Amino acid sequence: LPKIGAQMTIRRLRPTSSLEAYKGLTAFAGDLHNHCGISYGHGSIEDAYRNAQLQLDFASVTGHANWHDMPADPAHVAKYHAEGFKRLEDSWEHVQEVTEQAHIEGEFVSFLSFEWHSMTYGDHCVYYKSARGPLAPAQANSLEELRTNLRNLNTNGFQSMVLPHHIGYSAGRRGINWETFTEELSPVIELVSMHGS
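Quantities reported herein were computed from a predicted structural model and do not represent experimental measurements.

### Quick look at helix α1 (residues 45-55)
One full turn of an α-helix is made of 3.6 residues, so residues set three or four places apart face in the same direction.
And then number 1: Listed as buried for α1 are I45, A48, Y49, R50, A52 and Q53.
And then number 2: Residues of α1 that are buried make contact with β1 (30-34), β2 (58-67), α2 (75-102) and β3 (109-117).

### Considerations on the layout of surface pockets
And then number 1: If you add up the space inside the largest pocket, you get close to 290 Å³.
And then number 2: As for the largest pocket, its lining consists of 13 residues, and the residues nearest its centre are H33, H165, E190, S193 and M194.
And then number 3: Here the lining of the largest pocket is composed, by residue class, of seven nonpolar, five polar and one charged.

### Re the pattern of salt bridges
And then number 1: Taken as a whole, this structure holds 10 salt bridges when the rule is applied.
And then number 2: One salt bridge connects K79 with E83, and the closest N-O pair in it is separated by 3.4 Å. With K79 and E83 both in helix α2 and four residues apart, the pair spans about one turn of that helix.
And then number 3: Note on K79: relative accessible area 53%, which makes it exposed.
And then number 4: Put simply, E144 and R151 hold a salt bridge, and the shortest N to O gap is 2.9 Å.
And then number 5: R151 sits in the partly exposed class, given a relative accessible area of 26%.
And then number 6: The network of salt bridges with common partners includes E144, R147, R151 and E184.

Criteria and cut-off values
- All residue numbers here refer to positions counted from 1 along the written sequence of the relevant chain.
- Local features in this predicted model are restricted to residues of pLDDT 70 or higher, and side-chain atom pairs are both shown and tallied only at a pLDDT of 80 or more, whereas totals for entire chains, interfaces and linings draw on every residue.
- Neither water nor hydrogens contribute to the side-chain values; these are computed over all heavy atoms in the structure.
- Exposed residues in this analysis have more than 50% of their type's maximum accessible area, buried residues have under 20%, and partly exposed residues fall in between, with area computed by a 1.4 Å probe over protein chains only.
- Strands here mean DSSP runs of E at least two residues long; helices mean DSSP runs of H or I at least four residues long; both are numbered from the N terminus.
- Only heavy atoms enter the contact rule, under which two residues are in contact if any of them lie within 4.5 Å.
- We place a 1 Å grid over just the protein atoms. Points where a 1.4 Å probe fits but has no way out form a cavity, open points with protein on both sides within 12 Å along at least 5 of 7 lines form a pocket, and any residue with an atom within 4 Å of a point lines it.
- Grid points are joined across faces, edges and corners, and a volume is the space filled by probe spheres set on the points.
- In the scheme used here, Gly and all other residues not listed as nonpolar or charged are polar, with Ala, Val, Leu, Ile, Met, Phe, Trp, Tyr, Cys and Pro taken as nonpolar and Asp, Glu, Lys and Arg as charged.
- Definition used for salt bridges: Asp or Glu carboxyl oxygen within 4 Å of a side-chain nitrogen of Lys or Arg.

Here is the structure:
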């Protein structure tokens, strides 16, 4: 497998559309929500990006970062999540370095991201336009606080996007709360995942 960040010789054929409404546009394949051992999951972030580079045009390895309204019971589940959040916090610099190294200009795009959990507002994934950015916004205790933190970062050069996750879950159980949705930082939404649609 190629080293993360090394020049790759794999060139994928991505034809442009001939449909009138999409003429000249190209569809790219990617994975914006890949998990591994950086929080809770399996395998290294290096392997996750190497595997993505073999078959995709873009990817993001998303660490679980915080759950502000996590139920205390069952205790072993809360402990499992808290340990994963701490693991991501402790390895954040490494996560940024590997994400930056995985980007190959003109061939493969890597995005830095984290997942913010919420029973109240639904889970949201935050994606930075670059391979570097702070993890601090993940400590938000409400969706509006998360958005405010990201707005402040956007004005300081850290552009981001917030993607509602768990579109198939019910509201109040980590599913999207449409009453709190806004397109401001969420120009697109998740339509389907292994968790439902």
